[in-house]
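Topology and contacts: notes
Residues per chain are reported as follows:
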Amino acid sequence: MDYKLEDFILDDSFVNYATNKNQADIAKWEEWFSQNPKNLKIALDAKMLIHKLRFHKQELPKEFISEEWHKLSTRLHLNEIKRKNKGKTIFLKKIGRYAAAASILLFLASAIYYFSNSSIRDAEPIYQELCVAKGASKNIILPDGTVVFINSDSKLKYEENFEGASREVFLEGEAWFDVSHNANKPFIVHTQENDIRVLGTAFNVYAYPNENVFRTSLERGSISLSYHHGAEIELKVNQTYILHKNTQEIKLVETDNIEIYSAWKDGEIVFKNQKFTEILKTLERTHNLTFILQNKNVGKCNYTGCFTTEDDINSILAVIKLPTPFEYEIHNDTVIIK
């Protein structure tokens, strides 16, 4: 005997098997499959439909159900059936047949609706997220061949396949990008403050949410930035875009040695006329420490120097304190500047 799809989806025992609700039904149908191999394919199709529609609890819009029921009732002339005393048994049989037919058609319509919307959902971008802890840095190659170095205490979210019209990533923290050129598919870096749009270039982005300064420096190619979706600002090679968040002041400055901003990806810690408070924030990330600044005077001093992430904190502080002496104590992962 050849079975049809509705023979399975209207069978409560088969539904229990398809949804793994009853071990006896599961054993029953597995035994049945072994004895009826020619019906296996249609049974598995029915199982897939039941699993998708019931297990994932896909809810159909009320408007969709109402419209489909109207179509079915019109097609089956349900509105023309009236209860009569005579022929009551025949009436009930008709209702039973119509209800079964309606259930099947509604189920199949639901399946079509589900899968058509599943294809839309499947087309939505799938993102990967990479978080880098304090005291670490990582580099990855994105699906399009773009090379990214991600600094400590940073997070990068990127599209898994870059199948859309653009290549979009989301950054919290600091990262250096060497973007694979694709004139037909721009590369966009979203940060809390700015969106950076590029085609193919190398640049560094400093975008820690809890810091006052946002900075982008361009090493090669060209990029444009839009602050809070406003007018775009184009950067040229060796230019640095600086945003002071507290005042909303934006500056474009020429930088002779632009690689200084991305030296961190090579394990270097470079300070150029930076306040001690800013240096401590960097050392907190590179060495996974917490600083408590009790000496407010030294906090205002500016320093220039170069270290590596391999240098221990005692060696770094010993050099920094030479021009402006200060004392410090280290308790586990906390450093107190006195």
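Here, the structure is the one placed above.
The paragraphs below set out a description of the structure included in this document. The structure displayed is predicted, hence computed values, not measured ones.

Basis of the calculations
Residues numbered from 1 in each chain as written. Predicted model: local features only at pLDDT ≥ 70, side-chain atom pairs only at ≥ 80, totals over all residues. Heavy atoms only, no water. Salt bridge = Lys/Arg side-chain N within 4 Å of Asp/Glu carboxyl O. Helix = DSSP H or I, 4+ residues; strand = E, 2+ residues; numbered from the N terminus. Buried < 20%, exposed > 50% of the residue type's maximum accessible area, 1.4 Å probe, protein only. 1 Å grid on protein atoms, 1.4 Å probe; cavity = no way out; pocket = protein on both sides within 12 Å on 5 of 7 lines; lining within 4 Å. Points joined across faces, edges and corners; volume = space filled by probe spheres on them. Nonpolar A, V, L, I, M, F, W, Y, C, P; charged D, E, K, R; others polar. Expected span 1.5 Å × (residues − 1). Arc of directions from axis to C-beta. Core = buried A, V, L, I, M, F, W, Y, C linked by side-chain atoms within 4.5 Å. Contact = heavy atoms within 4.5 Å. Phe/Tyr/Trp six-rings, centres within 6.5 Å; stacked < 30°, edge-to-face > 60°.

Turning our eyes to something else, we now look at the pattern of salt bridges. Applying the stated criterion across every chain yields a total of 7 salt bridges. Residue Glu-193 is joined to Lys-245 by a salt bridge in which the shortest nitrogen-to-oxygen separation is 3.1 Å. With a gap of 52 residues between them, Glu-193 in the loop between strand S6 (187-190) and strand S7 (194-198) and Lys-245 in the loop between strand S12 (239-244) and strand S13 (249-254) connect regions that are remote in the sequence. Glu-211 serves as the salt-bridge partner of Arg-285, at 2.5 Å between the closest nitrogen and oxygen. One end of the pair, Arg-285, is in helix H7 (residues 276-287); the other, Glu-211, is in the loop between strand S8 (202-207) and strand S9 (213-220), and 74 residues separate them in sequence. Of the two residues examined, Arg-285 and Glu-211, each falls in the buried class.

Roughly 950 Å³ of volume is contained in the largest pocket. For the lining of the largest pocket, the secondary-structure elements that each account for two or more residues are S9, S12, S13, strand S14 (268-275) and H7. Top contributing element to the lining of the largest pocket by residue count: S14, with 8 residues. Split into classes, the residues belonging to the lining of the largest pocket amount to 12 nonpolar, 11 polar and 12 charged.

In an α-helix, one turn spans 3.6 residues, which is why side chains three or four residues apart end up on the same side. Its 13 residues give helix H3 (residues 23-35) an end-to-end C-alpha distance of 19 Å, which sits within 8% of 18 Å, the value for a rise of 1.5 Å per residue. All of the buried residues in H3 are Asp-25, Ile-26, Trp-29, Trp-32 and Phe-33. In an axial view of H3, the angular spread of the buried residues amounts to 130°, which keeps them on one side of the axis. Of the exposed residues in H3, those oriented more than 90 degrees away from the buried face are Gln-23, Ala-24, Ser-34 and Gln-35.

Before going further, it helps to spend a moment on the nonpolar core. Among the nonpolar cores identified, the biggest contains 29 residues, and Leu-156, Val-169, Phe-177, Phe-187, Ile-196 and Phe-203 are the most heavily contacted of them. With 4 residues, the top contributor of residues to this core is strand S5 (residues 167-178). Not counting residues within four places of it along the chain, the set of residues in contact with Phe-187 comprises Leu-142, Asp-144, Thr-146, Phe-162, Arg-167, Val-169, Phe-177, Val-179, Ile-196, Arg-197 and Val-198. Leu-280, Leu-289, Phe-307 and Ile-320 belong to the second largest nonpolar core, which has 19 residues in total.

What follows deals with the packing of aromatic side chains. Per the counting criterion, the structure on display carries 15 aromatic pairs. Ring geometry for Phe-8 against Trp-32: centres 5.9 Å apart, planes inclined by 75°, an arrangement best described as edge-to-face. Of the two residues, Phe-8 is situated in helix H1 (residues 5-9) and Trp-32 in helix H3; the sequence distance between them amounts to 24 residues. The exposure class assigned to Phe-8 is buried, which follows from its relative accessible area of 1%. Between the aromatic rings of Phe-276 and Phe-326, the centroid separation amounts to 5.3 Å while the plane-to-plane angle is 45°, which identifies the pairing as tilted. Residue Phe-276 is located in helix H7, and its partner Phe-326 is located in the loop between helix H9 (313-320) and strand S17 (328-331); the two are separated by 50 residues in the primary sequence. When sorted by exposure, Phe-276 lands in the same class as Phe-326, which is buried.

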